[in-house]
Structure formats: structure tokens, C-alpha cells
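Descriptive structure summary
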Amino acid sequence: RNSLLLLLTATIWGVAFVAQSVSMDYIGGFTFNAVRNLIGALTLLPVIKVLDKTRSEAEKKCESSASGRKTLLIGGICCGIMLCLAGNFQQFGIKYTTVGKAGFITACYIIIVPIIGIFLKKKCSPFIWIAVILSLCGLYLLCLTPGEGFAIGKGELLVLICAFLFSLHILTIDHFSPLVDGVKMSCIQFLVCGILSGIPALIFESPDLAGIFAAKIPVLYAGVMSCGVAYTLQIVGQKNMNPTVASLILSLESCISVIAGWLILGQNLSSREIFGCVLMFGAIILAQLPQKGTAF
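Attention in this report is confined to the structure presented alongside it. Bear in mind that the values here come from a model prediction, so they are computed numbers and not experimental data.

1. Observations concerning the environment of V18
- Tracing the backbone through its elements, the reader meets V18 in helix α1 (residues 2–23).
- Here V18 falls in the buried class, since its relative accessible area comes to 16%.
- Separated by 246 residues in the primary sequence, V18 and I264 place their C-alpha atoms 8.4 Å from one another.

Put into C-alpha cells, the structure is as follows:
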């Protein structure tokens, strides 16, 4: 169930690349991230109200305690800060590099997560490491065209920082999700991310309603689906799950973004890109195989 939730998350995020690209024709990066995250927070308010009615009295009492509220608030703020930094570094990094390079570098969080996990004393089996290598090979074939080169410029550096920040975001969720209500934490993280993104938007971009309304369809998709639905599914799906396996599944958004471009924008897949997708799916299957003698 957790794996399917994360796969659905990756699907929504993959399609969101189309919305993200279109919206930049009308509004700035900070404005886009501020509006989409605030919409995401608003989307979750009725969901929280409905779910609260299904909770037992014991769960409500635990969540309403001082320690429970404090943990929820800290978790939401930490996730919101990480999401804000990662999202904005990615948004502006894409402006200075190609989409292929940005996709490959961003997805490097699948190798960064287990590396950071080593320092946090999280064990990974050899199968996981093989899956990570297969995923990187698949992403390389999928995102980078022959002869394109791989020079590290301003855009590549910004997106590399984004990949590191997304790794920290995944590990932050891994820490807090077993302790708090995932939907409430997701709502708080969007509110924090939206407010933090809105401050530089007001200072540097002078957003106006005309531009936001012109980009209403991609902004609504990014806010309701990519934020409100997908990030919540990520928090729920990652609960009690190996963060390295979670990052592998979430990295499928790169494959799905290419498929979305093919279906929606009419972009064809080459044999090289199809083989990259095959390697990616193979890595996910390998990561899901039962493993003995590991911590997860």
C-alpha cells in the first residue's frame, strides 16, 4: 500500500512538470511556489475536518496534548522550510540549465538519501545500492541526450543544491511522520512554505492578480494535486518505510514527466529513453524484494 501511494505521488509530480513549465510564462518562481503551496494548505483543511471525525478518542487526546501539538508544529515547520528551499532552488535552477540536466541532477536525491542515511546509522542492503545504481543509469539515459555534455554551471549548481535539500526533506518526513498526523503536518508545511516563498515574491517579483489568473489552470493543478494531494500521499506513504526505497519510487517522477510530455505535448520517446524507463522500473522492483538481515 505504501509503495502504491508513493507511485501515485510520483505520477502526480511527473505531470506537474508540464504545469510548472507553462506557469513560468505568466508569473515568477517565488510567486508560483507561494500560490501553489497556499492553495495546497487550503485544500487540506476540509480533509483534516473529515478525518478528525473518524479518529478515536484516544488518538484525539494524544494529538491534543501539549507534547503532541509541539511535535506536530515542529515537524510541519521543519518540512515547510526544507520544501521551500528545495522548491525555489529547483525553480530558479531550471531557468539557467536544460530540463534534461535539471531532471537528472534533481533525481540524484536517490543516491544522496542513502549516503546521508549512513551517517544517521540507517542500514541499507546491497540490493538497495544496486537499485540506486540502476536508477542513476536509467535517469542518465532518460534525461541526458548524447553529446549534450555535463558542465556544471549556475543552473546545475542550483539544482544540485535542490537535490540535497530534497534529500533532507525526505529524511525529515521519515523522522516526523510516525509521530504525528501526516495530513495535518502536510498542511502546516504548505502554509510555512507558502508564507516563506511569498516574502521574496513581494520584494522581488511584484505579483499581480492578472498574471496569477492567467496561469490559473497550471497553478491550480500544482496547488491542489501536486501539493495538496501528492505531498500528503508522500507523508502517509513514507510512514514506517525505508527512506531510500521511498526516494527510489519517488524518483519515477522523471520517467512519468517524459511520458506526460509525450502524451500531453506530443514529444516522442527515443529507444534510449525507453531503455532508461525500463532500468528505472527494474530498480524499483529490485528495491521491493524481501531482504534478510537488514534494519528495514
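2. A word on the nonpolar core
- Formed by 58 residues in total, the largest nonpolar core has its most connected members in L139, F166, F190 and L252.
- Ranked by residues supplied to this core, first place goes to helix α8 (residues 154–176) with seven residues.
- By size, the runner-up hydrophobic cluster in this structure holds nine residues, among which are I173, F176, V180 and I188.

3. Details of the packing of aromatic side chains
- Applying the stated criterion to the full structure yields one aromatic pair.
- With a centroid separation of 4.7 Å and 50° between ring planes, the pair formed by F30 and F92 is classed as tilted. Of the two residues, F30 is situated in helix α2 (residues 29–52) and F92 in helix α4 (residues 66–93); the sequence distance between them amounts to 62 residues. The pair formed by F30 and F92 is uniform in burial state, with each residue classed as buried.

4. A look at a nonpolar patch on the surface
- Together, L38, L73, I77, I81, L85, L191, I195, L196, I199, L202, I203 and F204 line one region of the surface with nonpolar side chains, adding up to about 1100 Å² of accessible area.
- Of all elements in the fold, only α4 and α9 (182–205) reach the threshold of two or more residues within the nonpolar patch.
- It is α9 that provides the largest number of residues to the nonpolar patch, a total of seven residues.
- Among the structural elements, L73 can be located in helix α4.
- For L73, a relative accessible area of 47% corresponds to the partly exposed category.

5. Observations regarding helix α7 (residues 126–143)
- For α7, built from 18 residues, the straight-helix expectation of 26 Å at 1.5 Å per residue is met to within 8% by its first-to-last C-alpha distance of 26 Å.
- When α7 is considered as a whole, its buried residues turn out to be I128, A131, V132, S135, G138, L139, L141, L142 and C143.

The rules behind the values
- Residues numbered from 1 in each chain as written.
- Predicted model: local features only at pLDDT ≥ 70, side-chain atom pairs only at ≥ 80, totals over all residues.
- Heavy atoms only, no water.
- Helix = DSSP H or I, 4+ residues; strand = E, 2+ residues; numbered from the N terminus.
- Buried < 20%, exposed > 50% of the residue type's maximum accessible area, 1.4 Å probe, protein only.
- Core = buried A, V, L, I, M, F, W, Y, C linked by side-chain atoms within 4.5 Å.
- Phe/Tyr/Trp six-rings, centres within 6.5 Å; stacked < 30°, edge-to-face > 60°.
- Patch = residues over 30% accessible without salt bridge, like charges linked within 9 Å, V, L, I, M, F, W, Y side chains within 5 Å.
- Areas by Shrake-Rupley, 256 points an atom, 1.4 Å probe, with all protein chains shown as cover.
- Salt bridge = Lys/Arg side-chain N within 4 Å of Asp/Glu carboxyl O.
- Expected span 1.5 Å × (residues − 1).

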